[in-house]
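# Coordinate inspection notes
The chain contents come next:
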Amino acid sequence: MNADLGLSTDPASARPLYRQIVDQVSARIHEGTLPAGFRLPATRALAQALGTNRSTVVAAFRELAEGGLLVSTVGRGTFVADRPAVTPRRPTTSRELSWASLVSNTTRTGILHELDRLGRRVAGGDHINLQRMEPSSDLLPLDAFRRCVQHVMRTRGGVALGYAPREGLARLRGAIAEDLARRGVPTHAENILVTTGSQQALDLVARILVDPGETILVQDATYTGAIHVLSAAGARVVGVPNDDEGPDIDALERLGRSGAKGLYVMPGGQNPTGRTISAARREHLVAWSHHHGIPLIEDDYCADLELDSVTLPPALRTLDSQVLHVGTFSKRLIPALRIGYLVCPPALRQHLTVLKHAMDLGSSLLLQHALAEFLERGYLRTHLTRILAEYRRRRDTLEAGLTRHMPRSVRWTRATRGLTTWLTLPPGVDSEEIFDAALDRGVVVAPDVLFSVDGQERGLRLTFCREPPRRLAEGAKRLGLAMRAVMRRNDVAPGSGLGPV
């Protein structure tokens, strides 16, 4: 019998030595390396092999025994405990309820199922993914964030593992207020509600403002998740057509008399088109909001993701303190954080806080502490410097490939902020047909059906954050082949356009 079981301990580690032993023995038991009935070495012999005190090994064995993994018998030794197999109990009846008649009407909404429908067609295979808006793992601040988590656990211990305050950790809300001020969005920490991603922030706004059947206005091409959450709240989602400056003024005036409960916009780097609402149109939106009594919901999902040296117009929240401002750390930092925030007028603060607490009892306190630590240490600025340089390189690579391989009648919008490039398709070319043809060639794109409420925007959204430059170049080449094949099949001329606009 091997006295040390192949275990090792690191005295310099932040974890206690007994915890290292517990974790390693537990892992070997669960993976079957230490089978049931296996006799472990005596605590004294194992301590000597590991170069540690016997009391350390005794403490580790005691915890493993309390967890049901080991069993000790006086005079015989310590053994891996038997783990009885669990036999699932058979249901007493196989009769099914009538679920089809029980499902709510909101879940039947067609647009809720479009992403799932297209996603099932993508399943499997090593596709070049120009659809997923998620940073590749090499762009995540793994080491810096690990240091923050370890610091929180070392300095706060079990306190960081409890429930969070309903409105969010005060320390984090203060850090977010400072971050917003840096970006020219004035607010106070008490007007910030920490949410589980920006998706929950939108869900809260929808539940606060909308009764089933009431209208929410959105830009005609907009974030799929916003359409989903507004529809799930029972809202009647109505698209507002756009011109070069933003939501069309005449359409806004007409729809402003409809009794709408809000207008959801993404002023800087709209998802999916990447367009920015002009300064003059932002001023008009604020005046329109007050004239018609319709609140503005501003989603700044791509905060800090400025790819070119372009001065952005002031945020809507900067122009009007009544604007509901939604933000997130998913795109510029770490998607798995699932930490977003909602800046709200004081009159709504209590309503939103009570509703959020009813929904989830608070967002993760550990992650809130870790993110606050990350922001306070200044790691965000360092991280942004690194990823923005890479995003520019990836954008330029994708656009160079599009210029080389796309038919001349296909136009696209250069991304100056955010993570997307929008391709406008020529008449006679259907986006889902391109989706299928590209998928056949190993490329995944996002067709307009995922984003358009009224079908006025026709095109494809391409993201460049997920794939490295080499695969982006290959993806553009394959997409060009798919585009040409569909155009030939539909007898559409390649045209003589200039490509990017």
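This is a predicted model, so every value here is computed, not measured.

## Focus on the overall build of the chain
Per the secondary structure count, the chain includes 17 helices and 18 strands. Put simply, the chain has 501 residues, and 50% of those count as buried. Element-wise, carbon and sulfur atoms account for 52% of the exposed surface of the chain, whose accessible area totals about 23,500 Å².

## As for helix 6 (residues 142–156)
Across its 15 residues, helix 6 extends 21 Å between first and last C-alpha, which sits within 8% of the 21 Å expected from 1.5 Å per residue. Every buried residue belonging to helix 6 is among A144, F145, C148 and V152, and all of these are buried. Burial along helix 6 is one-sided: seen end-on, the buried residues are contained in an arc of 95°. Facing away from the buried side of helix 6 by over 90 degrees, the exposed positions are L142 and R154. Structurally, helix 6 contributes buried residues whose contacts are with helix 14 (365–376) and helix 15 (379–405). Of the residues flanking the end of helix 6, it is G157, one or two places downstream, whose phi is positive at about 55°.

## Points about unusual backbone geometry
Geometrically, the link from N271 to P272 is a cis peptide bond, its omega value of 25° lying close to zero. Position of P272 among the secondary structure elements: in the loop between strand 10 (263–265) and helix 11 (279–292). The backbone phi angle of D304 is positive, close to 75°, even though this residue is not glycine. Among the residues examined, D304 registers a relative accessible area of 7% and is labelled buried. For D491, which is not glycine, the phi torsion reads 55° and is therefore positive. With respect to the helices, strands and loops of the structure, D491 is situated in the segment after helix 17 (469–489).

## Examining empty space enclosed by the protein
The tally for this structure, following the rule as stated, stands at two cavities of 30 Å³ or more. Quantified by volume, the largest cavity comes out at close to 70 Å³. Around the largest cavity, the lining residues are Q219, N242, D243, D244, E245, G246, M266, Q270, R275, T276 and I277. Grouping the constituent residues of the lining of the largest cavity by class yields two nonpolar, five polar and four charged. Every residue along the wall of the second largest cavity is listed here: L202, V205, L230, Y264 and I297. Partitioning the lining of the second largest cavity into residue classes produces five nonpolar, no polar and no charged.

## Examining the packing of aromatic side chains
Per the stated rule, a full pass over the model turns up three aromatic pairs. A centroid spacing of 6.4 Å and a plane angle of 50° characterise the contact between F145 and F374, whose relative ring orientation is tilted. With F145 in helix 6 and F374 in helix 14, the pair connects residues that are 229 residues apart, well separated along the chain. Classification of F145 by relative accessible area gives buried; the value is 13%. With relative accessibility at 0%, the residue F374 sits in the buried group. In textbook terms, an aromatic cluster arises when at least three aromatic residues are bridged by ring pairs, as seen for F145, F374 and Y379.

## Considerations on the pairing of strand 11 (residues 296–299)
Residues L296 and E298 of strand 11 are buried on one face, and the alternating residues I297 and D299, pointing to the opposite face, are buried as well. Relative to strand 11, strand 10 runs parallel, the two sharing three bridges. Within strand 11, the residue paired with V265 across the bridge is E298. Handedness of the crossover joining strand 10 and strand 11 through helix 11: right-handed. Taken together, the three bridges between strand 11 and strand 12 (residues 324–328) define a ladder with parallel strand orientation. In the sheet register, I297 faces strand 12, and the bridge partner there is L324.

## Focus: the sheet that holds strand 6 (residues 215–219)
Strand order across the open sheet formed by seven strands is 5-13-12-11-10-6-7, with mixed pairing between neighbours. Every other strand in the sheet has two partners, leaving strand 5 (192–195) and strand 7 (236–240) as the edge strands with one partner each. Each neighbouring strand pair of the sheet contributes to a mean axis angle of 20°, computed without reference to strand direction. Contacting strand 6, strand 10 and strand 11, helix 11 crosses the sheet at an angle of about 145° to strand 11.

## Here we look at the side chain of D203
For D203, the position within the fold is in helix 8 (residues 197–209). Owing to a relative accessible area of 15%, D203 belongs among the buried residues under this scheme. Setting aside residues no more than four positions away along its own chain, D203 makes contact with V229 and M359.

## Observations regarding the packing of helix 1 (residues 17–31) against helix 3 (residues 54–66)
Helix packing geometry: the angle between the two helix axes and the distance between the axes. Axis separation between helix 1 and helix 3 bottoms out at 8 Å; the angle between their running directions is 45°. As judged from the angle between their axes, helix 1 and helix 3 are oblique. Handedness of the crossing formed by helix 1 with helix 3: right-handed. Note on element contacts: helix 3 touches helix 1 through T56, V57, A59, A60, E63 and L64, opposite L17, Y18, R19, I21, V22, V25 and S26.

## With respect to the pattern of salt bridges
A complete count under the given rule lists 35 salt bridges for this structure. Across the salt bridge formed by E390 and R394, the nearest N and O atoms sit 2.8 Å from each other. Here E390 and its partner R394 are both found in helix 15, four residues apart, which amounts to about one turn of the helix. Taken together, the salt bridges that share partners define one network made up of D179, R182, R183, D300, D304, E306, R332 and R417.

Each value, and the rule that gives it
Residues numbered from 1 in each chain as written. Predicted model: local features only at pLDDT ≥ 70, side-chain atom pairs only at ≥ 80, totals over all residues. Heavy atoms only, no water. Helix = DSSP H or I, 4+ residues; strand = E, 2+ residues; numbered from the N terminus. Buried < 20%, exposed > 50% of the residue type's maximum accessible area, 1.4 Å probe, protein only. Areas by Shrake-Rupley, 256 points an atom, 1.4 Å probe, with all protein chains shown as cover. Expected span 1.5 Å × (residues − 1). Arc of directions from axis to C-beta. Contact = heavy atoms within 4.5 Å. 1 Å grid on protein atoms, 1.4 Å probe; cavity = no way out; pocket = protein on both sides within 12 Å on 5 of 7 lines; lining within 4 Å. Points joined across faces, edges and corners; volume = space filled by probe spheres on them. Nonpolar A, V, L, I, M, F, W, Y, C, P; charged D, E, K, R; others polar. Phe/Tyr/Trp six-rings, centres within 6.5 Å; stacked < 30°, edge-to-face > 60°. Pairing = 2+ DSSP bridges. Right-handed = clockwise from strand over helix to strand, strands pointing away. Axes fitted to C-alpha atoms, helices over the stretch in contact; angles between N-to-C directions. Parallel < 35°, antiparallel > 145°, perpendicular 65-115°, else oblique. Left-handed = near helix turned anticlockwise from the far one by under 90°. Salt bridge = Lys/Arg side-chain N within 4 Å of Asp/Glu carboxyl O.

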